[in-house]
Amino acid sequence: MNINKILRYITLIGIFIIPFIPLVVFNSLFFPFITGKNFMFRIVIEIVFAAWAVLALTDKAYRPRKSWILYSFFIFVGVMAVADAFGKFPFKSFWSNSERMEGWVTLAHLLMYFLVTSTVLATDKLWDAFFETSFGVNMVVMLYCLLQIGHQLTINQGGVRVDATFGNAAYLAVYALFNIFIAALYLVRKRASLSLFSNWFFALGFNAGFLVFVLPNLSQAALSATSNGIFFGFLGLFLVNVFLYATAMLKQEWMVFAVIILCNLVALYNTATRGAIIGLIAGIALTGLLVALLDREHPRFQKFAWGAIIAAAVVVVGFYGLRNASFVKNSPVLSRFSSISLTETTTLSRFKLWHMALEGFKERPILGWGQENFNYVFNKYYDPALYNQEQWFDRTHNVIFDWLTAGGILGIASYLFLFGGVIYYVWRGKGDGQFSIPEQAVITGMLAAYFIHNLFVFDNLTSYLVFIAIAAYVYNRTSLRPRIASEFVVNNAVLPIAVVLLIVAMYVVNVKPILANRALIAAMTPTQQGDITKNVAQFQDALSYKTFADAEIREQIMSAAGQNAAATQPPIGSDTLKALAITEGKKQTEITPDDARYFVFYGTFLVQDGDIKDAIPYLQRAHALSPDKQSIIFALAGAYLEEQDYKDAELVLKTAYELDPSYDAARMTYAAAAIYNSDLPTADSVLAGVSTSTIAASNDITQALYTTKQFGRLIMLAKFRVSQDPSAQNYVSLAAAYLYSGDRKNAVAELQAAINVEPNFKAQGEQYIQQIQAGKTPGQ
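Let me sum up the structure you'll find in this document. Here the structure is a predicted model, which means the values were calculated and not measured. (Residues numbered from 1 in each chain as written. Predicted model: local features only at pLDDT ≥ 70, side-chain atom pairs only at ≥ 80, totals over all residues. Heavy atoms only, no water.)

### Describing the pattern of salt bridges
For clarity, the threshold we go by: Any Lys or Arg side-chain nitrogen located within 4 Å of an Asp or Glu carboxyl oxygen qualifies as a salt bridge. Comment: elements are numbered from the N terminus, with helices defined as DSSP H or I runs of at least four residues and strands as E runs of at least two. Relative accessibility thresholds used throughout: buried, under 20% of the residue-type maximum; exposed, over 50%; partly exposed, between the two (1.4 Å probe, protein chains only).
One pass over the full model with this rule turns up 15 salt bridges. Linking Arg 100 and Asp 394 is a salt bridge whose minimum nitrogen-to-oxygen distance equals 2.9 Å. Placement of the pair is Arg 100 in the loop between α4 (90-95) and α5 (103-120) and Asp 394 in the loop between α16 (374-380) and α17 (399-428), with a sequence separation of 294 residues. For the pair shown, Arg 100 and Asp 394 are each scored as buried. A salt bridge links Asp 394 to Arg 395; the shortest N-O distance between them is 3.9 Å. Each member of the pair, Asp 394 together with Arg 395, is buried. One salt-bridge network, in which partners are shared between bridges, spans Arg 100, Glu 102, Glu 372, Asp 394 and Arg 395.

### Here we look at the environment of Phe 456
For the record, the criterion: The contact criterion used throughout is that any non-hydrogen atoms of two residues lie within 4.5 Å.
Residue placement: Phe 456 occurs in the loop between α18 (437-453) and α19 (461-478). Residues Phe 456 and Arg 518, 62 residues apart in the sequence, show an inter-C-alpha distance of 33 Å. Not counting the four nearest positions on each side in its chain, Phe 456 is found in contact with Gly 275, Arg 350 and His 397.

### Looking at α17
Stated precisely, the cut-off is as follows: Take the residue count of a helix, subtract one, and multiply by 1.5 Å to get its expected span. Axes are fitted to the seven residues ending at a residue and to the seven starting at it; the angle between these axes is taken as the bend at that residue. Two N or O atoms count as a polar contact when they lie within 3.5 Å, although within protein this holds only if one can serve as hydrogen donor and the other as acceptor, and sequence-adjacent residues are included solely when both atoms are side-chain atoms.
Spanning 30 residues, α17 covers only 26 Å between terminal C-alpha atoms, well under the ideal 44 Å at 1.5 Å per step. Taking the largest bend as the criterion, α17 deviates by roughly 130°, centred on Gly 407. Here α17 starts with a cap whose side-chain oxygen sits 2.9 Å from the backbone nitrogen of Ile 400, and that cap is Asn 398.

### Comments concerning helix α28 (residues 664-676)
Helix length check: α28, at 13 residues, gives a terminal C-alpha distance of 18 Å against a target of 18 Å (1.5 Å per residue), a fit within 8%. With respect to burial, α28 is a largely interior element, 11 of its 13 residues being buried. The complete set of buried residues in α28 reads Ala 666, Arg 667, Met 668, Thr 669, Tyr 670, Ala 671, Ala 672, Ala 673, Ala 674, Ile 675 and Tyr 676. Summarising the contacts, the buried residues of α28 are in contact with α26 (630-642), α27 (646-659), α29 (680-687), α30 (692-696) and α31 (699-707). Just past α28, the residue Ser 678 takes up positive phi, approximately 60°.

### A look at the packing of helix α6 (residues 124-149) against α19
So the rule is basically this: Simply put, an axis is a line fit to the C-alpha atoms, just over the touching stretch for a helix, and the angle between two N-to-C directions goes from 0 to 180 degrees. Note that the term roughly parallel is reserved for angles under 35 degrees, roughly antiparallel for angles over 145, roughly perpendicular for angles of 65 to 115, and oblique for everything else. What makes a crossing left-handed is the near helix being turned counterclockwise from the far one by less than a right angle; a clockwise turn instead makes it right-handed. Throughout, the ten residues Ala, Val, Leu, Ile, Met, Phe, Trp, Tyr, Cys and Pro are labelled nonpolar, Asp, Glu, Lys and Arg are labelled charged, and all others, Gly among them, are labelled polar.
It is at 12 Å that the axes of α6 and α19 come closest, and there the two elements cross at 165°. The angle between α6 and α19 falls in the class roughly antiparallel. Where α6 crosses over α19, the handedness of that crossing is left-handed. Residues Trp 127, Phe 130 and Phe 131 of α6 form the contact with α19, whose own contacting residues are Ala 469, Ile 470, Ala 472, Tyr 473 and Asn 476. Each residue belonging to the contact of α6 with α19 can be placed in one class, and the counts come to 7 nonpolar, 1 polar and no charged.

### A closer look at the packing of α17 against α18
Helix packing for two helices is described by the angle between their axes and how far apart those axes are. Interhelical geometry of α17 versus α18 gives an angle of 170° and a closest axis separation of 10 Å. Here α17 is positioned roughly antiparallel relative to α18, judged by the angle of their axes. Contacts between α17 and α18 involve Val 399, Ile 400, Leu 416, Phe 419, Val 422, Ile 423, Val 426 and Trp 427 from the first element and Gln 440, Ala 441, Ile 443, Thr 444, Leu 447, Tyr 450 and Phe 451 from the second.

### Overview of the environment of Gln 389
Within the secondary structure, Gln 389 is located in the loop between α16 and α17. C-alpha separation for the pair Gln 389 and Ser 349, spaced 40 residues apart in sequence, amounts to 7.7 Å.

This is the structure we're talking about:
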């Protein structure tokens, strides 16, 4: 076997591994649902691309053809490379982080994936085998969803929204959305059946995916709880294989695609992802409309198309009419749709995020801020009305604004050029495999559904992979010869050079981050009780690899050190961890001097460690970088209060209150600071109109009154609490207020009342009474 055949087999094996990526979860890594998939994808593609590159240099058959899809992809990746290089923080733009694992390095790998897939899968037979493998994996995911719905497997993100092996319902939703339309594409093709060859790949994808990726999870679930998951899992495995065999024998393979569509519809519904379901309805309507208006050759398809349009309309109108019905309100899925409105909290937060993105675009309109830098925009243009939302958004939850922020007008234009280029070639392609009108309609509907979904969330690796596969499929069927590259003579040095470059790339891009990732997980894992020496060593080991995860590692170091600082008996090794946190926290603020997040993290850690004076400048810097974020103001005010700098505490909390007077926490902390600063008229003014019950329930107000010896007000609030809830605890609080004021007689009376309410408190209550009558203060 010559070297080219070996290289071709390597590329094909790698390409056929990619559909299994959605099943990959590595619990030994930080963010296991993200990092595992991405590292697997990158390693496979780097190997495949190296093999393909040698093939393309030695054999013109593997070189790309002329097509604007290809050109637009290169333009998009090129534009983003420039945008990232001149962005706010180029390092993060290039590498991203463990939580997202995107950045330019992912775009480069996706381009590699496109080049390899679009040139190596050069026949319908290979494309059928690829998509059938993908369908097999998809059925594994569907089985996983059914087991979650049946409570045989845990929903990873909690709640009732299934997430399978994705860890996020929205990621699963777009994956199911794509598979619905791809299965529909196979149904409308002239040869809408499974060949024996591709049927074998379907079975291979399903069985391999189940045994390698799902069975271990079922086994673990069976060990950790009473579960019939293994039984139902193998039952599903058996039924799917019987179904595949039966449909092949009866020559009714179309039923396979129908079942795929049905299963994905069930999964999509149970993700309760509104953007994806709205996209599905819109995509079905668009597909039906295109077929109904343009396809004159298939009257049966036209009838189905009109039926799909009517069904979509009935679903929308019917649901709107029933949106207040009890079964809708009581459904965790349907209720999410019935609550959609322009005034809903999630909707309002999206609008505010998009407005912030627009402000960021105005500041950097040409090339944007670079990938992974929306956090700078979010902090700088933070809307105080988002006080009850996530405090560190790193995405706009809209594909337009995401790329507008990351790449400016050139970035979004090049993205839309790529997206539009795929649609253009679907309708105007001139290759040997031009699409029929039903195929054109389905692919257009699929891309429209995907785009609509992305108007409300953001992409992830699995959605990128399916989109790139579709783009490569369209490119392969519609591009014309001759191929782009010219003749090139390759000598014997090409292969070893490729191998060396591959090894270096894999070590830098994958091996080092994986080792750092595993060390971080080991550092975060509890070891010997009372001794964290090994954990500290693991933190140091994780940092020694100097990877894109360093910032996240430092966050975890500061978090662990802060927790230990608050412990009554810090474990052995705490001093070393503290020193590491001080060094690395300060280093991170120097690396990212304009990122408020790390100044907050470091300042908060210093406060927890008792180093208030050193913490204040970092918290002040965070406030300067994000002046309208109340949570940062609260942290800074807390430090001022610890230093008894009541004047500055009141001043900054006044700012927090005025940013959004509807924010009750800001109101109460501002009033408390005014009390600390002996500014009672301001406190009374701020609290005017606030119910006594709200004031009485505020620990901030109570503590401020106690500290400043405003015992009359303290007693008044304690009396109110007793009147509303005459519990033993409230009587004890009232007794304490009397005692603080020097009224021991009433303190004893209230303790006696507490004993009368709660007989179990008698022994302790009488002990308190004896101490008070002896002139002592209980607890001192």
